Amino acid sequence: MDIIKLEQSMRLEGHRADYIKLCKDYAINLKRNELPVIFNIEHLAKLIGINADECYAYYQLSSNLYNELLIPKRTGGQRVINAPSENLKYIQRWILDNILSNVSISVHANGFINERSIVTNAIQHIGKKCVINLDIKDFFPSITYIQVYNLFNRLGYSRHLSMVFTGLCTLDNKLPQGAPTSPYLSNIICKNLDDRLSLLASHINASYSRYADDITFSGDRGITSYIKLIKKVVQEERFLINEKKVRVQFQYHRQMVTGLIVNEKLSIPKKTRNYLRQEIYYCQKYGVKDHMSKKGLYKTNYQGHLTGLAQFIKMVDSKLGEEYLKSLDKIDWES
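In this text, all values refer to a predicted model and were calculated from it rather than measured experimentally. (Residues numbered from 1 in each chain as written. Predicted model: local features only at pLDDT ≥ 70, side-chain atom pairs only at ≥ 80, totals over all residues. Heavy atoms only, no water.)

Engineer: So what's going on with the overall build of the chain? Which residues, and what values?
Structural biologist: When its secondary structure is counted, the chain shows 15 helices and 8 strands. Taking the principal axes of the C-alpha coordinates as reference, the chain spans close to 75 × 55 × 35 Å. Counting only residues that meet the buried cut, the chain has 47% of its 335 residues in that class. Contacts in the chain between residues at least 24 apart in sequence constitute 66% of all its contacts with a sequence separation of at least 6. Carbon together with sulfur atoms contributes 50% to the accessible area of the chain, which is approximately 18500 Å² in total. Each charge class in the chain can be summarised by its mean position, and for the 46 positive and 33 negative side chains these summaries are 7 Å apart. (Helix = DSSP H or I, 4+ residues; strand = E, 2+ residues; numbered from the N terminus. Buried < 20%, exposed > 50% of the residue type's maximum accessible area, 1.4 Å probe, protein only. Contact = heavy atoms within 4.5 Å. Areas by Shrake-Rupley, 256 points an atom, 1.4 Å probe, with all protein chains shown as cover. Lys, Arg positive; Asp, Glu negative; His and termini not counted. Charge placed at Lys NZ, Arg CZ, Asp CG, Glu CD.)

Set out below in C-alpha cells:
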C-alpha cells in the first residue's frame, strides 16, 4: 500500500487530520513489519477475493465448519483431527501465506517450515553422549484463543481484526489440529519457549531443537541434571510435559530423535525399512485389498501411509527412498 496515496485519498474524502494520522501510523507499523495493511473486515474480504458478508459468515460460523476425524496413533489410542471445510481452509491458507509466513520464528524450530525437517531437527544431535527427548502434552489444544489474539494484535492489527483472525484460526478457543494455520501459529507462539530453552542449552553446553511438540537436548551426561529445569521452563510457557514420553538415551542405547537414529550417523531404523519392504511385497503378491483384509488393516489412506514412509526414508537415504517410491508406483491400488 502506498502511504502517500492513502493520505491524499483520505484528504480528498474530507477526513479529519487526527484520523488520517491514525490510519497512516497504523499502515506504517504493518509495513515496517512486512505485513499486509488491512483496515477492517471489508478490506480483508476484498483482499481474499470474497464479499464482506461471506467473510463475516465464516468468522461467525467457523465452529460449525470442521469435520472431526479420528486417526489411530502408532502408540495406541486415537488422534483427533479437525479438518476445516474447503472454503474456510482457503481463507486460513490466505492468512498463512500472506500474514503468518512473514513472521520470524526460532532457528531451533524444525517442524512445518520450508527447508527444515526431521533431518535438520535430528542432525545436530549426532554422536552425543546423552540425548534427552521430551514431549509436550496436547500441543495444539494447549495454545489458546487469547494467545492467538495477542499474537495478531502485537503484529499491529486492530483489536477487531485480531479478533476476526483469531476466530477464523481457532476452534473451541484453541488451535485445531488440521487447520493449515495451526502449525505456523504454534511456531510463532513457541518462539519465547525456543529462545529460553536454547539459552539454557548454551549455558549447559548442549544442543537444543524442537519439532512441533518434540523437544530434544543433547550433550554430555551431565545434562540429565537439568531435566527438572527444562520442565519448569516449559510449564512457565503454559505447556505441560508428557511424563510418559520423557526419554534419556546414552551412547550405549539406540539414540532416537524424531524417528531417526543419531548414535554415529543419521540412519533409518531397520524395523521401519523392513516394514515398508514387507508391505510392498504383500501388496504385489496378494493385491492391496486382500492383503489389508488378511492383516485387519483399516487405514483410510493406506497408499498415502506407505508413500509417506518412503518419503521419510528418502530424506535420509535418497537412493533407497527412490527405490521404494518406484515400487509403490507399480502397485495396482485398486486390486
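Having seen the model, we can carry on.
Engineer: Which residues make up helix 10 (residues 191-203), and what values do they have?
Structural biologist: The terminal C-alpha atoms of helix 10, which comprises 13 residues, lie 18 Å apart, in line with the 18 Å expected from a rise of 1.5 Å per residue. Burial in helix 10 covers these residues: Leu193, Asp194, Leu197, Ser198, Leu200 and Ala201. Angular distribution of buried residues about the axis of helix 10 spans 155°; they occupy a single face of the element. At its buried positions, helix 10 is contacted by strand 4 (207-211), strand 5 (214-219) and helix 11 (227-236). (Expected span 1.5 Å × (residues − 1). Arc of directions from axis to C-beta.)

Engineer: So what's going on with the sheet that holds strand 6 (residues 247-250)? Residues and values would help.
Structural biologist: Pairing is antiparallel in the open sheet, where 4 strands are placed in the order 4-5-3-6. With partners counted over all chains shown, the strands left at the sheet margins are strand 4 and strand 6, one partner each. Between one strand axis and the next, the sheet turns through 15° on average, direction left out of account. Pairing between strand 3 (residues 130-135) and strand 5: 6 bridges, direction antiparallel. (Pairing = 2+ DSSP bridges. Axes fitted to C-alpha atoms, helices over the stretch in contact; angles between N-to-C directions.)

Engineer: So what about the environment of Leu44? Which residues, and what values?
Structural biologist: Among the structural elements, Leu44 can be located in helix 3 (residues 41-48). Leu44 gets classed as buried once you look at its relative accessible area, which sits at 0%. Once the C-alpha coordinates of Leu44 and Cys169 are considered, the two residues, 125 residues apart in sequence, prove to be 15 Å apart. Once residues within four sequence positions are removed from consideration, Leu44 is found in contact with Ile38, Cys55, Trp94, Leu161, Val164 and Phe165.

Engineer: Tell me about the pairing of strand 3, and please be specific about residues and values.
Structural biologist: Most of strand 3 sits inside the fold, with 6 of its 6 residues counted as buried. Burial along strand 3 is two-sided: Cys130, Ile132 and Leu134 and Val131, Asn133 and Asp135, pointing in opposite directions, are all buried. In terms of strand pairing, strand 3 meets strand 6 through 4 bridges, oriented antiparallel. What sits directly across from Val131, in strand 6, is Gln249.

Engineer: Go over the nonpolar core with me, naming the residues and quoting the values.
Structural biologist: Tyr157 and Phe217 are the most contacted members of the largest nonpolar core, which has 73 residues in total. Within the second largest apolar cluster, 27 residues are counted, among which are Val131, Val257, Leu260 and Val262. (Core = buried A, V, L, I, M, F, W, Y, C linked by side-chain atoms within 4.5 Å.)

Engineer: Would you mind going over the pattern of salt bridges in detail, with residue names and values included?
Structural biologist: With the rule as written, the count across this model stands at 13 salt bridges. For Arg93, the salt bridge is made with Asp97, and the minimal N-O distance between the two is 3.8 Å. Placement of both Arg93 and Asp97 in helix 5 (residues 86-98) is noted, with a separation of 4 residues, approximately one turn of the helix. By relative accessible area, Asp97 is classed as partly exposed at 44%. Between Lys294 and Asp290 there is a salt bridge; the shortest N-O distance is 3.5 Å. (Salt bridge = Lys/Arg side-chain N within 4 Å of Asp/Glu carboxyl O.)

Engineer: Residues and numbers for the side chain of Ser198, please.
Structural biologist: Inspection of the secondary structure assignment puts Ser198 in helix 10. Overall, the relative accessible area of 16% leaves Ser198 in the buried class. Other than its neighbours up to four places away in sequence, Ser198 contacts His108 and Tyr208.

Engineer: Residues and numbers for the state of the cysteines, please.
Structural biologist: Applying the stated criterion to the full structure yields 0 disulfides. The thiol of Cys190 is not disulfide-bonded; the next cysteine sulfur, from Cys169, is found 16 Å away. Overall, Cys190 belongs to the buried group, its relative accessible area being 0%. (Disulfide = S-S within 2.5 Å.)

Engineer: Lay out unusual backbone geometry with the relevant residues and their values.
Structural biologist: The backbone of Asp138 shows a phi angle near 50°, a positive value even though the residue is not glycine. Inspection of the secondary structure puts Asp138 in the loop between strand 3 and helix 7 (145-155).

Engineer: Report on helix 11, specifying residues and quantitative values.
Structural biologist: An α-helix turns once every 3.6 residues. As a result, residues three or four positions apart point the same way. Within helix 11, burial applies to Ile227, Ile230, Val233 and Val234. The buried side chains of helix 11 occupy one side of the element, clustering within an arc of 120° when seen end-on. Along helix 11, the residues that are exposed and aim more than 90 degrees away from the buried face are Lys228 and Gln235. Buried residues in helix 11 make contact with strand 3, helix 10, strand 5 and strand 6.

Engineer: An account of the packing of aromatic side chains is needed here, citing residue identities and associated values.
Structural biologist: Per the counting criterion, the structure on display carries 12 aromatic pairs. Considering the side-chain rings of Tyr302 and Trp333, the 6.3 Å spacing of their centres and the 75° angle between planes classify their relative orientation as edge-to-face. Separated by 31 residues along the polypeptide, Tyr302 in helix 14 (residues 302-316) and Trp333 in the segment after helix 15 (318-329) bring together distant segments of the chain. Summarising the burial analysis for this pair, Tyr302 and Trp333 share the class buried. Among the aromatic residues, those joined into a cluster by ring pairs are Phe112, Phe139, Phe140, Tyr211 and Phe239. Taking the ring centre of Tyr286 as reference, the NZ or CZ of Lys294 above it sits at 3.9 Å. (Phe/Tyr/Trp six-rings, centres within 6.5 Å; stacked < 30°, edge-to-face > 60°. Lys NZ or Arg CZ within 6 Å of the ring centre and 35° of its normal.)

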